[in-house]
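Geometric and topological summary
Each chain, written out:
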Amino acid sequence: MRKLIIFAFVGFFAQLIDGSLGMAFGLTSSSLLLAYGVAPAVASASIHMAEIATTAASGVSHYKFGNVDKKMVLTLVIPGSISAFFGAAFLSSLPGDLMKPFISGFLLLLGIYILFRFLLQKTEERSPSGNLNLKKRFLYPLGAIAGFFDAVGGGGWGPVNTPVLLSQKGATPRKVIGTVDTSEFAVTISATLGFVLFLGWEQFNWLWVAAFVIGGVIAAPIAAWLVRVMPAYILGVLVGGFIILTNTRTLLNTWSIDTNVIYLIYVILIIGWAAAIAHTVRNTTELKKAS
């Protein structure tokens, strides 16, 4: 019961971050499950099953708050759904123990990317009002790559799509985040279908799924509102550091490393993470004072 309560809280905060940042539900949840010793395919399958409910709630909430570019949603969904299905088939065919360090390494790299993406990004808020008019030849490969890594890593749709779209000229943060979160619903269904076909229903831990769903659905409308008022840069640094710490733990437990060295690595990472948070908060505060 205690573990289920923890998972529900993780689902709540993961969706709160995901809905306000456009990423991190899958990464946060899969990092936790891998740390508990769950096989990568089972972890990703359980998370995607839970995300059917959380992404639906998030998409409806973002749509009601006007955070969605409907044309871009349709363009991203097609290649993303196809590649997510094949990503699930690929992950399901591999031994869990063999894949765990590689998946943790992939999640660790995504965590580093997220942290530095928001740490180094200028904190000026952009103020364009229209939708992004990006070509299909740009969005199709982007959606395909994001969908595949989402299924393989248990999270990747937001970390791949959101930063790339935010870097485009004329991007409105709330539109990008709302669009990515809404389009994730179809991609999640496709990945889940792949896991069901190649793993079977019996591989899903329905108690974990229920815990993540309860926490995530409660957080979804709150996150859709917060995206208008919460600085995304601080959230990005927070979630990036969390993912780095969690997956570093998984990798260190896989390798035979002296305990003192492990503690030293943790101390260095925590100090660096705290410094990054302080730097981001200070820059955000100075910007507010200047404006």
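Residues numbered from 1 in each chain as written. Predicted model: local features only at pLDDT ≥ 70, side-chain atom pairs only at ≥ 80, totals over all residues. Heavy atoms only, no water.

Thoughts on the environment of G11
Counted only if it meets this: Secondary structure elements are defined from DSSP: runs of H or I of at least 4 residues count as helices, runs of E of at least 2 residues count as strands, and each element is numbered from the N terminus. In this analysis, two residues are considered to be in contact whenever any of their non-hydrogen atoms come within 4.5 Å of each other.
When you line up the elements, G11 lands in helix α1 (residues 2-21). The spatial distance from the C-alpha of G11 to the C-alpha of V209 is 9.5 Å, given a sequence separation of 198 residues. Not counting residues up to four positions away in its chain, the partners in contact with G11 are F25, F212, G215 and G216.

Overview of the UniProt feature "transmembrane region" (unreviewed entry) in the protein chain
Quick reminder of the rule: UniProt positions are given in the numbering used here, feature names are shortened, and annotations may be inferred rather than shown by experiment.
Those residues carrying the UniProt feature "transmembrane region" (unreviewed entry) are residues 34-60, 72-92, 98-118, 138-157, 177-199, 206-227, 233-252 and 261-281 in this numbering. Across residues 72-92 one finds 100% helix and 0% strand; the C-alpha atoms that close the span lie 30 Å apart.

Focus on the packing of aromatic side chains
Rules: A pair of aromatic rings is counted whenever rings of Phe, Tyr or Trp (Trp by its six-membered ring) have centres within 6.5 Å, and the orientation is called stacked for planes under 30 degrees apart, edge-to-face for over 60 and tilted otherwise. Exposure is judged per residue with a 1.4 Å probe applied to protein chains only, and the accessible area is read against the type maximum: over 50% gives exposed, under 20% gives buried, and values in between give partly exposed.
Scanning the entire structure with this criterion turns up six aromatic pairs. Taking the centre distance of 5.9 Å and the plane angle of 20 degrees together, the rings of W201 and W206 count as stacked. When its relative accessible area of 42% is taken as the criterion, W206 is described as partly exposed. Three or more aromatic residues joined by ring pairs form one cluster here, namely F85, F86 and F198.

Here's the deal with the packing of helix α4 (residues 70-92) against helix α8 (residues 173-199)
For clarity, the cut-off: Axis definition: a line fitted to C-alpha atoms, over the contacting stretch in the case of helices. Angles run 0 to 180 degrees between N-to-C directions. Small angles under 35 degrees read as roughly parallel and large ones over 145 as roughly antiparallel, with 65 to 115 read as roughly perpendicular and the rest as oblique. Rotating anticlockwise by less than a right angle from the far helix to the near helix defines a left-handed crossing, while the corresponding clockwise rotation defines a right-handed one. Basically, the charged four are Asp, Glu, Lys and Arg, the nonpolar ten are Ala, Val, Leu, Ile, Met, Phe, Trp, Tyr, Cys and Pro, and anything else, Gly included, counts as polar.
Axis separation between α4 and α8 bottoms out at 7 Å; the angle between their running directions is 25 degrees. It follows that α4 is roughly parallel to α8 by the angle criterion. The handedness of the crossing between α4 and α8 is right-handed. Here the contact of α4 with α8 is built from residues that sort into 18 nonpolar, eight polar and no charged.

Structural notes on helix α7 (residues 157-166)
Among the ten residues of α7, nine are classified as buried, and the element is accordingly described as predominantly covered. Along α7, the residues classified as buried are W157, G158, P159, V160, N161, T162, P163, L165 and L166.

Focus: a nonpolar patch on the surface
Cut-off, in case you're wondering: In this analysis, a patch consists of residues with relative accessible area above 30% that form no salt bridge, clustered at 9 Å for like charges and at 5 Å for the nonpolar side chains Val, Leu, Ile, Met, Phe, Trp and Tyr. Only the protein chains shown count as cover for residues, and all accessible areas are computed by the Shrake-Rupley method using a 1.4 Å probe. Definition used for salt bridges: Asp or Glu carboxyl oxygen within 4 Å of a side-chain nitrogen of Lys or Arg.
A surface patch of nonpolar side chains, about 480 Å² in accessible area, is lined by M1, I5, F9 and F13. Inspection of the secondary structure puts I5 in helix α1.

Examining α8
Just so we agree on the cut-off: Expected span of a helix, by definition, is 1.5 Å for each gap between consecutive residues, and there is one gap fewer than residues.
Relative to the 39 Å expected for 27 residues at 1.5 Å per residue, α8 spans 37 Å between its end C-alpha atoms, a close match to the ideal helical length. Remark: G200 follows α8 within two positions and exhibits a positive phi of approximately 95 degrees.

Let's talk about the confidence of the model for the protein chain
Interpretation of the predicted coordinates at a detailed level should be avoided for regions scoring low in pLDDT. Heads up, the condition is: pLDDT: the predictor's confidence for each residue, scored from 0 to 100.
Across the protein chain, the average pLDDT comes to 80, with 86% of residues at 70 or higher. Confidence scores differ between elements of the protein chain, with helix α2 (residues 25-35) showing the lowest mean pLDDT of 73 and α4 the highest of 90.

A word on the nonpolar core
What counts here: The criterion is simple. A nonpolar core is a set of buried Ala, Val, Leu, Ile, Met, Phe, Trp, Tyr and Cys residues joined through side-chain atoms within 4.5 Å.
Judged by nonpolar contacts, the single largest core of 40 residues is most densely connected at F7, L33, L165, F195 and F212. Taken together, the elements giving at least two residues each to this core come down to α1, α2, α3 (40-64), α4, α6 (136-153), α7, α8 and α9 (206-226). Not counting the four nearest positions on each side in its chain, F195 is found in contact with A41, S44, A45, H48, A88, L91, S92, A151, G200 and F204. With 16 residues, the next largest nonpolar core counts L108, V237, L245 and A276 among its residues.

Points about the packing of α4 against α7
For the pair α4 and α7, interaxial distance at closest approach is 14 Å and the crossing angle is 140 degrees. As far as their axial angle goes, α7 and α4 are oblique. Relative to α7, α4 is oriented so that their crossing is right-handed. Residues M72, L76 and G80 of α4 form the contact with α7, whose own contacting residues are W157, N161 and L165.

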